[in-house]
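Chain residues, written in single-letter form:
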Amino acid sequence: MDKIDKTLVSLLQVDAGQSYAALGAAVGLSSGAAHERVRKLRERGLIRRTTIEVDPVAAGRGVLSFVLVEGGAWMGASGEALLAIPEIEEAHVIAGPASLLVKVRTASTRELQEVLRRIFEIEGVTGTQTVMVLESFFERGLHVPR
């Protein structure tokens with residue numbers, strides 16, 4: 001990935017909806033050349049998808065929690081069961097005090113309790129530890145330096 005690719009990725013992370021003409025102008029390329037660069041970045045898997053960022057509070061999902069999920073056996077095969085719970089934003093197999101770490105957004109603590117109940121229904125789950133977030137300073141994804 002050269003400097004132009006890094007700049008294109010950085011610009012798309014700020015606003016994925018900008019035109020190829022604007023992207024090209026920012027890096028000194030034609031819109032067609034910028035489009036081709038972005039297409040190649042997608043083909044190589046560096047750009048996985050183009051999306052929007054939704055404000056969770058405005059969407060009614062203001063309760064953010066992280067749940068450590070304990071398992072009686074290897075929990076690496078539980079991804080599909082976790083994916084079926086729409087309130088779970090992320091799920092990770094971890095090393096440490098638990099088997100999995102999941103990021104959950106709900107509308108209320110009552111809804112969080114229901115999510116925890118559904119997690120307990122997953123085969124192999126033996127316990128959970130939940131940490132509720134009181135305030136977030138920031139959240140960000142991976143940013144490619146220019």
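Structure first, text after, so check above.
Scoring rules and cut-offs
Once a new chain begins, its residue numbering starts again from 1 and follows that chain's sequence as written. Owing to the predicted nature of the model, reporting of local features is limited to residues with pLDDT of at least 70; listing and counting of side-chain atom pairs is limited to 80 or more, with chain, interface and lining totals taken over all residues. With hydrogens and water excluded, all non-hydrogen atoms of the structure serve as input to the side-chain values. Numbered from the N terminus, helices here are DSSP runs of H or I no shorter than four residues, and strands are runs of E no shorter than two. Here the globule rule reads 2.2 Å times residues to the power 0.38, and the radius of gyration is calculated from C-alpha atoms. Each residue gets one of three labels from its accessible area relative to the maximum for its type: buried under 20%, exposed over 50%, partly exposed in between, using a 1.4 Å probe on protein chains only. For this analysis, residues touch if any pair of their heavy atoms sits within 4.5 Å. A 1.4 Å probe and the Shrake-Rupley method give the accessible areas. Residues count as covered only by the protein chains that appear here. Counting rule for charge: Lys and Arg are taken as positive, Asp and Glu as negative, and neither His nor the chain ends is counted. By convention, the charge on Lys lies at NZ, on Arg at CZ, on Asp at CG and on Glu at CD. Arc definition: it is the arc formed by the directions from the helix axis to the C-beta atoms. To get an axis, a line is fitted to the C-alpha atoms, and for a helix only the part in contact is used. The angle between two axes follows their N-to-C directions and goes from 0 to 180 degrees. For classification purposes, an angle smaller than 35 degrees is called roughly parallel, one larger than 145 roughly antiparallel, one from 65 to 115 roughly perpendicular, and anything else oblique.

Draft legend 1. Seen up close, the overall build of the protein chain. Across its full length, the protein chain carries five helices and four strands. Starting at the N terminus, the α and β elements of the protein chain follow one another as α-α-α-β-α-β-β-α-β. For a compact globule of 146 residues, the expected C-alpha radius of gyration is about 15 Å, and the protein chain comes in at 20 Å, more than 25% above that figure. Once the C-alpha set of the protein chain is aligned to its principal axes, its extents read approximately 55 × 35 × 25 Å. For the protein chain, buried positions account for 29% of its 146 residues. Partitioning the contacts of the protein chain with sequence separation of at least 6, the portion at a separation of at least 24 is 65%. Carbon and sulfur atoms provide 54% of the accessible area of the protein chain, an area that totals close to 9,600 Å². With 17 positive and 18 negative side-chain charges, the protein chain shows a spacing of 8 Å between the two charge centroids.

Draft legend 2. Molecular detail of the side chain of Lys103. Looking at the secondary structure, you find Lys103 in strand β3 (residues 100–106). Note on Lys103: relative accessible area 8%, which makes it buried. Not counting residues within four places of it along the chain, the set of residues in contact with Lys103 comprises Leu64, Ser65, Phe66, Glu87, Ile88, Glu89, Glu90 and Glu139.

Draft legend 3. Region of interest: helix α2 (residues 20–27). Leu23, Gly24 and Val27 are the residues of α2 that are buried. For α2, the buried positions fall inside an angular range of 95° around the axis, keeping them on one side.

Draft legend 4. Structural context of the packing of helix α1 (residues 3–14) against helix α3 (residues 31–43). Between α1 and α3, whose axes approach to 10 Å, the crossing angle comes to 85°. Put simply, α1 runs roughly perpendicular to α3. Here α1 contributes Ile4, Asp5, Leu8, Val9 and Leu12 to the contact with α3, which in turn contributes Ala34, Arg37, Val38 and Leu41.

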